[in-house]
Amino acid sequence: MSLSRRSFLKGLGATGAAASVIGPSLLVSSSANAASETEGVWKTSGSHWGAFRARVWAGKVQEIKPLEVDKYPTEMLNGIKGIIYSPSRIRYPMVRLDWLKKHKYATDTRGNNRFVRVTWDEALDLFYRELERVQKDYGPWALHAGQTGWRQTGQMHSCNNHMQRAIGLHGYSVKKVGDYSTGAGQTILPYVLGSTEVYAQGTSWELILENSDNIIIWANDPVKNLQVGWTCETHESFEYLEQLKEKVAKKEINVISVDPVKNKTQQYLGNEHLYVNPQTDVAFMLGMAHTLYTEDLYDKKFIELYCLGFKEFVPYMMGETKDKVEKTPEWAAEICGVPADKIREFARMLVSGRTQIMFGWCIQRQEHGEQPYWMGAVLASMIGQIGLPGGGVSYGHHYSGIGVSSTGFGAPGSYPLNIDTGQEPKYTNKDYNGYSSVIPVARWIDCLLEPGKKIQANGSEVTLPAYKMMVISGNNPWHHHQDRNNMKKAFKNLQTMVTIDFAWTATCRFSDIVLPACTQFERNDIDGYGAYSGRGLVAMHKLVDPLFQSKTDFDIMTELTARWGRDKDYTRGMSEMEWVKSLYDGCKASNPKFNLPEFEEFWEKGFLDFGKGQPWTRHADFREDPEISALGTPSGFIEITSRTIGRYGYEHCQEHPMWFEKSERSHGGPGSDKHPYWLQSCHPDKRLHSQMCESEEFRATYAVQGREPCYLNPKDAKAKGIKDGDLIRVFNDRGQLLAGAVVSDHYPEGVIRIEEGAWYGPLNEKIGAIDTYGDPNTLTQDIPSSELAQATSANTCLVNIEKFKGEVPPVTAFGGPLEVS
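These numbers were taken from a predicted model, which means no experiment stands behind them.

Draft legend 1. The sheet that holds strand β8 (residues 214–218), seen in detail. Spatially, β10-β9-β8-β12-β13 is the arrangement adopted by the five strands of the open sheet, whose pairing is parallel. At either end of the open sheet lies a strand with only one pairing partner, and these are β10 (272–274) and β13 (392–394). With direction set aside, neighbouring strand axes in the sheet form an average angle of 20°. Relative to β13, strand β12 (residues 355–359) is paired through three bridges, and the arrangement is parallel. The partner of M358 across the bridge, within β13, is S394.

Draft legend 2. Region of interest: the UniProt feature "domain: Molybdopterin dinucleotide-binding" (unreviewed entry) in the protein. The residues that UniProt annotates with the feature "domain: Molybdopterin dinucleotide-binding" (unreviewed entry) are residues 677–797. For residues 677–797, the end-to-end C-alpha separation is 9 Å, with 8% helix and 21% strand making up the annotated structure.

Draft legend 3. Summary view of unusual backbone geometry. In the Ramachandran plot, N113 falls in the positive-phi region, its phi being about 70° despite a non-glycine side chain. Its identity is not glycine, yet A219 carries a phi of approximately 50°, on the positive side.

Draft legend 4. Here's a closer look at the sheet that holds strand β1 (residues 41–45). Spatially, β1-β2-β3 is the arrangement adopted by the three strands of the open sheet, whose pairing is antiparallel. Two strands close off the open sheet at either side, each with one partner strand: β1 and β3 (60–66). When strand polarity is set aside, the average angle formed by the axes of neighbouring strands in this sheet is 30°. In this sheet, strand β2 (residues 52–57) lies alongside β1 in antiparallel orientation, the contact comprising five bridges. Bridge pairing links V41 to V56 in β2.

Draft legend 5. Main features of the pairing of strand β26 (residues 727–732). Among the six residues that make up β26, six are buried, leaving the element largely enclosed by the rest of the structure. Residues L727, R729 and F731 point to one face of β26 and I728, V730 and N732 to the other, with burial holding for every one of them. The pairing of β26 with strand β27 (residues 735–743) spans six bridges and is antiparallel. Its bridge partner lying in β27, V730 is registered against L737. Where β26 folds back on β27, the antiparallel hairpin that results is connected by two residues. Across four bridges, β26 lies against strand β29 (residues 798–803) in antiparallel orientation. Bridged to F731 within β29 is N800.

Draft legend 6. Structural detail: the packing of aromatic side chains. Scanning all chains against the criterion turns up 50 aromatic pairs. Judged by centre distance (5.5 Å) and plane angle (20°), the ring pair of Y128 and W564 falls under stacked. Of this pair, Y128 sits in helix α5 (residues 120–137) while W564 sits in the loop between α22 (553–561) and α23 (567–571); the two residues are 436 residues apart in sequence, bridging distant segments of the chain. In this structure Y128 comes out as buried when scored by relative accessible area, which is 16%. Consider the rings of F594 and F610, whose centres lie 4.9 Å apart with planes at 55°: the pair is tilted. Of this pair, F594 sits in the loop between α24 (576–590) and α25 (599–605) while F610 sits in the loop between β22 (607–609) and α26 (620–624), placing them 16 residues apart in sequence. Each member of the pair, F594 as well as F610, is classed as buried. Of the aromatic side chains, those joined through ring pairs into one cluster are W150, Y199, W230, W361, Y399 and Y532. The residue whose ring lies beneath R91 is F548, and the NZ or CZ to ring-centre distance is 5.4 Å. The cationic tip of K300 hangs over the ring face of Y298; the distance from NZ or CZ to the ring centre is 5.0 Å.

About the criteria used
- Residues numbered from 1 in each chain as written.
- Predicted model: local features only at pLDDT ≥ 70, side-chain atom pairs only at ≥ 80, totals over all residues.
- Heavy atoms only, no water.
- Pairing = 2+ DSSP bridges.
- Helix = DSSP H or I, 4+ residues; strand = E, 2+ residues; numbered from the N terminus.
- Axes fitted to C-alpha atoms, helices over the stretch in contact; angles between N-to-C directions.
- UniProt positions renumbered as here; feature names shortened; annotations may be inferred.
- Buried < 20%, exposed > 50% of the residue type's maximum accessible area, 1.4 Å probe, protein only.
- Phe/Tyr/Trp six-rings, centres within 6.5 Å; stacked < 30°, edge-to-face > 60°.
- Lys NZ or Arg CZ within 6 Å of the ring centre and 35° of its normal.

Given below as structure tokens:
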């Protein structure tokens, strides 16, 4: 780097590069903090981690405090200053050396992190040149501009929208359907329950606490995951989790965590834990369904009135069709590791009172990930309490405050994603040359490796396009996709990749043109407070000016579209603050009962609080009248058997839920003889996916010898000669990584955890190079869940571990590119 990390931190000096929510910065002396603690201006802003007020003095963010209304703020607010002042900030427009020097694609050196600093005009000219070349030489099928993800918060500056609107004014491109978070779940559940469910408001916590006798928290860790939200998070759910903790202690509600590990929620609530072998939940559920059926405990009336296809499912369960194996508790016990008598006991408990089942999302990020969600709906139907307060099944109570009662307030709209009606892009060619214009989100690497291949996806045939160029904005696919070495192979077939971001992620490392966007804290914006609760409205005041040469996405795309004379169409002739005011005014007009003040008054206040909403029960209207309030399934009923899916003829997702063996499974399953440990790569506790991993001081609070933690059982550690704090090598045939051992009895034998979002830091660009920081997707396999969803299967992954020996390589994940003259 032309500017060393040491020099950069030294240059920040007393401004403080570390966050401080409850104490002084670690990089600033206590006397310096005491002298300035009352100086400066307090500004309001919001984030995925919650709303806050920031004290800005001398042009720097000095202090951050959670918004007063947030009674349960997350410690991750401590990492926000580390995002703004991270050594991994993208400082200038950069172009990959060999791509620029050869004026070719130089794919053999992609990933070596050697970049040249250029001016903004040079970078945008190159960006525009490549858009022109691709549309002229190939067509819309050669440009993929559909990868989107967890952008920074704020409705005006939603980077996904800005990128796709700008690209749409130039020409058409390949887009995606689905997402990595819930790919299998959001595809199967519309067939079963009539909506995606994973992003739908759930039964209010008040009603659950008041009416539930049993709560099953299944592969679900809400205490960990509710720290973050899609919009500005309120953390109101923690008030109800606190009440639930009290009820567990008083034995007023029976709570059971079904999970291979003792997760953060189970530790907090102090509730019962039921261990299930990884990836075997469907077998466990089938064993319980068999018990309910054979012991005549299931709700026949509910099945008759609200469900379709139970009679077709029973012969499979009883071993009369398909594999000819009866799904008894004894059969299930051999697979799932839960004793047969315990399976029967669990089934009887489910119908002993009002039972609420809460599934998490990790359970569907596996091979055949559609099956556990589908079978969970079948089990809930047999219990017969769907639509009752405190009963039924949910798939999102761990996400963005789902379950917090809504006020009915509608959040402001966002910057328009699509170009305006009547407008045409510069290139109107819609000929995709026989390729599909939309692909399942997790199959984009397959497009590079097997262009032209035909695959099945959700009832349609998809022909994978042979795209030559990608545009990525505020998204980090070199975090969320699987199998890094496979990605390296695929990227040799990509001609040009443009990335717009504020931090130098692994995606930047493997790009050709990198443009520095500013953080959300360096621009003005507006956001709803509470994605589902509608609790309020937050003014996101610009805290500091954009650092280095970074710009807002709005400014970047305005300058880009000006190159073909469409900047006025892009902006509609409005400035940043005119857009923010316009979004506010639209929100005010669409929410008349809330009597919102004029924009200037709102902006001065910084925050509007609408209080608490009214409790609500999911599917209550369907239960009351299944004809008038029919579900969105083809039949309008809960489809235990789906004739539609049956007609697709898929091998790995058939007409009703089934147990399928995995390609890799621990505890005696396929592949466990060579790689005996199941790798769980769940959502992290100290980040939002990969966001905040670059925050140095906050990362230091959990890293082990500068590496991502790897959690493992004491017996496994002892067998391998590993002690707490050791560096370990985790490996399989797909790759290898270094991580820091954290030995804990919260993890069973044969199970390890490395949380996803750890930044990828390969020792070099070569295929097979060790990852120096600890990205679990170095090891995960890139296979589809099934022909239906074509979703990610990250949790179908076996590995081996050993204590690391030899010279320890430096961590290469952070700090930016190697700048070359």
